[in-house]
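A look at the structure
Spelled out from the first residue to the last, the chains are:
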Amino acid sequence: MARYDDVRSEIARRRWTWLVTGGAGFIGSHLVEHLVAMGQRVRVLDNFATGHRENIAAHVDAGAVELIEGDCSDNFPAQWDPKLGIHVT
């Protein structure tokens, strides 16, 4: 667990912008929850083929998560500018 704690501390030390693809799915939504809890900026890209809006609705409604409906084949605007990404399939 020591390495996990080290990584969490390193992430929490700085505010990053994350793009989580598949962020409304089971695994992705849990990642989003942890990133938000660490004070990170989070953008979720999901086409809802298997994910569910209600998995991240509270974070979206609170303004903690920006939700983009689409998939990886869409053109990404340059202003998204994520610093880090997590691709969950």
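Our subject is the structure listed above.
Everything in this summary refers to the structure shown in the same document. These figures come from a predicted structure and were not determined experimentally. (Residues numbered from 1 in each chain as written. Predicted model: local features only at pLDDT ≥ 70, side-chain atom pairs only at ≥ 80, totals over all residues. Heavy atoms only, no water.)

**Quick word on the overall build of the protein chain**
Under the convention used in this document: To qualify as a helix, a DSSP run of H or I must reach at least 4 residues; to qualify as a strand, a run of E must reach at least 2; elements of each kind are numbered from the N terminus. Accessibility here uses a 1.4 Å probe with only protein chains present; expressed as a share of the type maximum, an area under 20% marks a residue as buried, one over 50% as exposed, and anything in between as partly exposed. For this analysis, residues touch if any pair of their heavy atoms sits within 4.5 Å.
On a plain count of helices and strands, the protein chain comes out with three helices and four strands. From first element to last, N terminus to C terminus, the protein chain shows the α and β order α-β-α-β-α-β-β. By residue count, 34% of the 89 residues in the protein chain fall in the buried class. Put simply, of all contacts in the protein chain between residues at least 6 apart along the chain, 64% involve residues at least 24 apart.

**Quick look at unusual backbone geometry**
Of note, Phe48 is a non-glycine position whose phi angle comes to about 60°, a positive value. Topologically, Phe48 is positioned in the loop between strand E2 (41–46) and helix H3 (57–61).

**What about the side chain of Gln40?**
For clarity, the cut-off: Any N or O atom pair separated by 3.5 Å or less is treated as a polar contact, with the protein-specific requirement of one donor-capable and one acceptor-capable atom, and with residues adjacent in sequence counted only for side-chain atom pairs.
Note on placement: Gln40 falls in the loop between helix H2 (26–37) and E2. A polar contact of 2.9 Å, which involves the side chain of Gln40, links it to the backbone oxygen of Arg14. A distance of 3.5 Å separates the side chain of Gln40 from the backbone oxygen of Met38, its partner in a polar contact. Filtering out sequence-adjacent residues up to four positions away, Gln40 remains in contact with Ile11, Ala12, Arg14, Arg15, Trp16, Trp18 and Leu35.

**Points about the pairing of E2**
Rules: Should DSSP find at least two bridges between two strands, the strands are regarded as paired.
Burial of E2 is extensive: five of the six residues sit out of reach of the surface. In this sheet, E2 lies alongside strand E1 (residues 17–21) in parallel orientation, the contact comprising five bridges. Considered in E2, the bridge of Val20 is made with Val44. In this structure, E2 lies alongside strand E3 (residues 65–69), joined through five bridges in parallel fashion. Bridge pairing links Leu45 to Ile68 in E3.

**Observations regarding the pattern of salt bridges**
Definition in use: We define a salt bridge as a side-chain nitrogen of Lys or Arg found within 4 Å of a carboxyl oxygen belonging to Asp or Glu.
For the structure on display, the rule yields three salt bridges. We note a salt bridge from Glu66 to Arg43, for which the minimum N-O separation is 2.7 Å. Within this pair, whereas Glu66 is found in strand E3, its partner Arg43 is found in strand E2, the two being separated by 23 residues in sequence. Classification of Glu66 as partly exposed rests on a relative accessible area of 36%. Residue Arg43 is classed as buried on the basis of its relative accessible area, which comes to 19%.

**Here we look at the nonpolar core**
To keep things clear, this is the line we draw: We define the nonpolar core as a collection of buried residues of types Ala, Val, Leu, Ile, Met, Phe, Trp, Tyr and Cys that are connected through side-chain atoms lying within 4.5 Å of one another.
Counting 14 residues, the largest nonpolar core has Val20, Val32, Leu35, Val42, Val44 and Val65 as the members making the most contacts within it. When contributions to this core are tallied by element, the ones reaching two or more residues are E1, H2 and E2. Residue contributions to this core peak at three residues, all from H2.

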